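# Fold and contact review
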Amino acid sequence: MASEDVVGKRTGESAVTTIVNLAEEAKLAREGYKAPASLAFLSICKSLVAGGVAGGVSRTAVAPLERLKILLQVQNPHNIKYNGTIQGLKYIWRTEGFRGLFKGNGTNCARIVPNSAVKFFSYEQASKGILWLYRQQPGKEDAELTPVLRLGAGACAGIIAMSATYPMDMVRGRLTVQTEKSPYQYRGIFHALSTVLKEEGPRALYKGWLPSVIGVVPYVGLNFAVYESLKDWLIKSKPFGLVEDNGLGVTTRLACGAAAGTIGQTVAYPLDVIRRRMQMVGWKDAASIVTGDGRSKARLEYNGMIDAFRKTVRHEGFGALYKGLVPNSVKVVPSIAIAFVSYEMVKDLLGVEMRISD
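Residues numbered from 1 in each chain as written. Predicted model: local features only at pLDDT ≥ 70, side-chain atom pairs only at ≥ 80, totals over all residues. Heavy atoms only, no water.

For clarity, the cut-off: UniProt positions are given in the numbering used here, feature names are shortened, and annotations may be inferred rather than shown by experiment.
For the protein, the name recorded in an unreviewed UniProt entry is Mitochondrial substrate/solute carrier, with Dillenia turbinata as its organism. Under the UniProt heading Subcellular location (unreviewed entry), the entry covering the protein gives this text: "Mitochondrion inner membrane". Per UniProt, the protein has the following entry under Sequence similarities (unreviewed entry): "Belongs to the mitochondrial carrier (TC 2.A.29) family."

If you want it as structure tokens, here you go:
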């Protein structure tokens, strides 16, 4: 009987404790308290939204230069229509009007919004993981992210984001090079995706993936490494009175982003040219589009990334690897700067406390 009383007493106490705990949880819920798991999920969502907005805003701002860059990259060397940025933009305006300047931007945003969201979020997670591993080494318990560690985190983020959204980039490239005089094969994003799948197979959606991944390692890696390292250096050294209240102003952060974009794209640009050219292989109308509306019958035939490099340099010279670099530089400098600053501003607006460099 005594043992039954003890069991009954403990059961009663357990029931009371459970009721009290449930009451406390209900009270916290009424006061707006969120469980850690909910907070973590909300933080992830905010980070993804901030990255997506940053990508969409930055790419739309430079859409005409993005289209001109791709047209220059695949332009026939024997039938050159424009040699420079201003001349190229005027040609597009004259032949296709205002809409021609933004052709392919819808596809570009459909690709860059999720790409940017995944990229920024992946960088945050990769930098935290790499820093944690680095701190496991003896004597490194209080270490901070170094430029090399940021480079590694940025490379991881770039590879993940590029691989996740590459099919959209592939069809965007094909949509972008179409002109009014070209034989239209694709009516839009989904039509392009379905047509490529039907006529060329699933593997065609990843043509040019290897040079893209190789190029994204220095490109995205250097973007994050240079941007974050410059910010840290400016905050710690406080030169020229650029630091205000232990933070950097919008203009200074834009300058950091511009420097990061310039360095990253210059290193990776040749791989971007090869990627575009490989994406045209297998498209039955590619020759007429790329070589000047059908006036030259030269075919685009590459057996791989190395073969594409070799044939491009042999037939057009080393400078062909930097076709479209000027409009791309004019595009990348503000684009990367706007993306970084937009990302941080949207995160601040949404109340996300963690920063990229945490």
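## Some thoughts on the packing of aromatic side chains
Short version of the rule: Put simply, two rings from Phe, Tyr or Trp (the six-membered ring, in Trp's case) pair if the centres are within 6.5 Å, and we call them stacked under 30 degrees between planes, edge-to-face over 60, tilted for the rest. Three exposure classes are used, based on accessible area relative to the maximum for each residue type with a 1.4 Å probe and protein chains only: buried under 20%, partly exposed in between, and exposed over 50%.
Scanning the model with the defined rule gives eleven aromatic pairs in all. Where Trp 93 meets Phe 98, the ring centres are 6.3 Å apart and the plane angle is 85°; that geometry is what we call edge-to-face. As far as burial versus exposure is concerned, Trp 93 and Phe 98 are alike and both exposed. Ring pairing ties together the aromatic residues Phe 120, Tyr 123, Phe 224, Tyr 227, Phe 340 and Tyr 343, which thus form one cluster.

## Focus on helix H7 (residues 189-200)
Here is the rule: Each helix corresponds to a stretch of at least 4 residues labelled H or I by DSSP, and each strand to a stretch of at least 2 residues labelled E; elements are numbered beginning at the N terminus. The span one expects for a helix is its residue count, reduced by one, times 1.5 Å. It only takes one pair of heavy atoms within 4.5 Å for two residues to be counted as in contact.
For H7, with twelve residues, the first-to-last C-alpha span of 16 Å sits near the 16 Å given by 1.5 Å per residue. Along H7, the positions that sit buried rather than exposed are Ile 189, Ala 192, Leu 193, Thr 195 and Val 196. Among the structural elements, helix H5 (105-135) and helix H6 (147-177) are those in contact with the buried residues of H7. The first or second residue beyond H7 is Gly 201, which carries a positive phi of 90°.

## Some details on a nonpolar patch on the surface
Applicable threshold: Exposure above 30% relative accessible area and no salt bridge define the residues that can form patches, which grow by joining like charges within 9 Å and nonpolar side chains of Val, Leu, Ile, Met, Phe, Trp and Tyr within 5 Å. Only the protein chains shown count as cover for residues, and all accessible areas are computed by the Shrake-Rupley method using a 1.4 Å probe. Take a side-chain nitrogen of Lys or Arg and a carboxyl oxygen of Asp or Glu: if they are within 4 Å of each other, that pair is a salt bridge.
Together, Val 49, Val 53, Val 57 and Leu 350 make up an exposed nonpolar region whose accessible area comes to about 270 Å². In terms of residues, the nonpolar patch owes the most to one element, helix H2 (residues 36-61), which gives three residues. Here Val 53 lies in helix H2.

## Focus on empty space enclosed by the protein
Inclusion rule: Definitions used for this entry: grid spacing 1 Å over protein atoms alone; cavity, a set of points where a 1.4 Å probe fits but cannot get out; pocket, an open set with protein on both sides within 12 Å along at least 5 of 7 lines; lining residue, one with an atom within 4 Å of a point. Grid points are joined across faces, edges and corners, and a volume is the space filled by probe spheres set on the points. Nonpolar residues are Ala, Val, Leu, Ile, Met, Phe, Trp, Tyr, Cys and Pro. Charged residues are Asp, Glu, Lys and Arg, and all others, Gly as well, are polar.
Enumeration over the complete set of coordinates arrives at three cavities of 30 Å³ or more. Taken as a whole, the largest cavity holds about 420 Å³ of empty space. Looking at the largest cavity, it is lined by 30 residues, and the ones nearest its centre are Arg 59, Met 162, Tyr 219, Asp 272 and Arg 275. Secondary structure elements with two or more residues in the lining of the largest cavity: helix H3 (63-73), H5, H6, helix H8 (209-237), helix H9 (250-280) and helix H12 (325-350). A total of seven residues in the lining of the largest cavity trace back to one element, the largest contributor, which is H9. In the lining of the largest cavity, the residues fall into twelve nonpolar, seven polar and eleven charged. Roughly 130 Å³ of internal volume is contained in the second largest cavity. Looking at the second largest cavity, it is lined by 14 residues, and the ones nearest its centre are Ser 58, Arg 59, Lys 119, Ile 336 and Ala 339. Of all elements in the fold, only H2, H5, H8 and H12 reach the threshold of two or more residues within the lining of the second largest cavity.

## So, the pattern of salt bridges
Applying the stated criterion across every chain, the model contains 17 salt bridges. Among the salt bridges present, the one from Glu 96 reaches Arg 67, with a minimum N-O distance of 3.1 Å. In this pair, Glu 96 is assigned in helix H4 (residues 85-101) and Arg 67 in helix H3, connecting sequence segments 29 residues apart. Across the pair, exposure class does not vary: Glu 96 and Arg 67 are buried alike. Note that Arg 277 and Glu 316 form a salt bridge whose closest N and O atoms lie 2.7 Å from each other. Placement of the pair is Arg 277 in helix H9 and Glu 316 in helix H11 (residues 305-316), with a sequence separation of 39 residues. In this structure Glu 316 comes out as partly exposed when scored by relative accessible area, which is 26%. Ionic contacts of the salt-bridge type, sharing partners, join the residues Asp 169, Asp 272, Arg 275 and Arg 276 into one network.

## Some words on H11
Along an α-helix, residues three or four apart share an orientation, since each turn contains 3.6 residues. Applicable threshold: By construction, the arc corresponds to the directions joining the helix axis to the C-beta atoms.
Across its twelve residues, H11 extends 16 Å between first and last C-alpha, which sits within 8% of the 16 Å expected from 1.5 Å per residue. Three or more residues of H11 are buried, namely Met 305, Asp 307, Ala 308 and Thr 312. Down the axis of H11, the smallest arc covering the buried residues is 155°, so these residues share one side. Structural note: H11 exposes Ile 306 and Arg 314 on the side pointing more than 90 degrees away from its buried face. Gly 317, located one to two residues past H11, shows a positive phi value of around 90°.

## Remarks on unusual backbone geometry
Even without a glycine there, the phi angle at Lys 238 is positive, about 50°. With respect to the element layout, Lys 238 can be found in the loop between H8 and strand E1 (243-244).

## Structural notes on the nonpolar core
Worth spelling out the cut-off: Throughout, nonpolar core names a set of buried Ala, Val, Leu, Ile, Met, Phe, Trp, Tyr and Cys residues whose side chains join them through atoms within 4.5 Å.
The biggest cluster of nonpolar side chains holds 37 residues, and the ones touching the most others in it are Val 171, Leu 193, Val 196, Tyr 219, Phe 224 and Phe 340. Those elements giving two or more residues to this core turn out to be H2, H5, H6, H7, H8, H9 and H12. If you tally residues by element for this core, the top one is H6, at eight residues. In this structure, Phe 340 is in contact with Phe 120, Asn 223, Phe 224, Tyr 227 and Gly 257, ignoring residues within four places of it in sequence. Leu 68, Ile 70, Leu 71 and Tyr 91 belong to the second-largest nonpolar core, a separate cluster that totals eleven residues.

## Details of the packing of H6 against H7
Keep this limit in mind: To obtain an axis, a line is fitted to C-alpha atoms, over the contacting stretch when the element is a helix, and the angle between two such axes runs from 0 to 180 degrees between their N-to-C directions. Any angle that falls under 35 degrees is termed roughly parallel, while one over 145 is termed roughly antiparallel, one within 65 to 115 roughly perpendicular, and all others oblique.
Running from amino to carboxyl end, H6 crosses H7 at an angle of 100°, the nearest separation of the two axes being 10 Å. Comparing the axis directions of H6 and H7 gives the class roughly perpendicular. Contact with H6, carried on its side by Pro 167, Met 168, Met 170, Val 171, Arg 174 and Leu 175, involves Ile 189, Ala 192, Leu 193, Val 196 and Glu 200 of H7 and no other residues of that element. Of the residues contributing to the contact of H6 with H7, the split by class is nine nonpolar, no polar and two charged.

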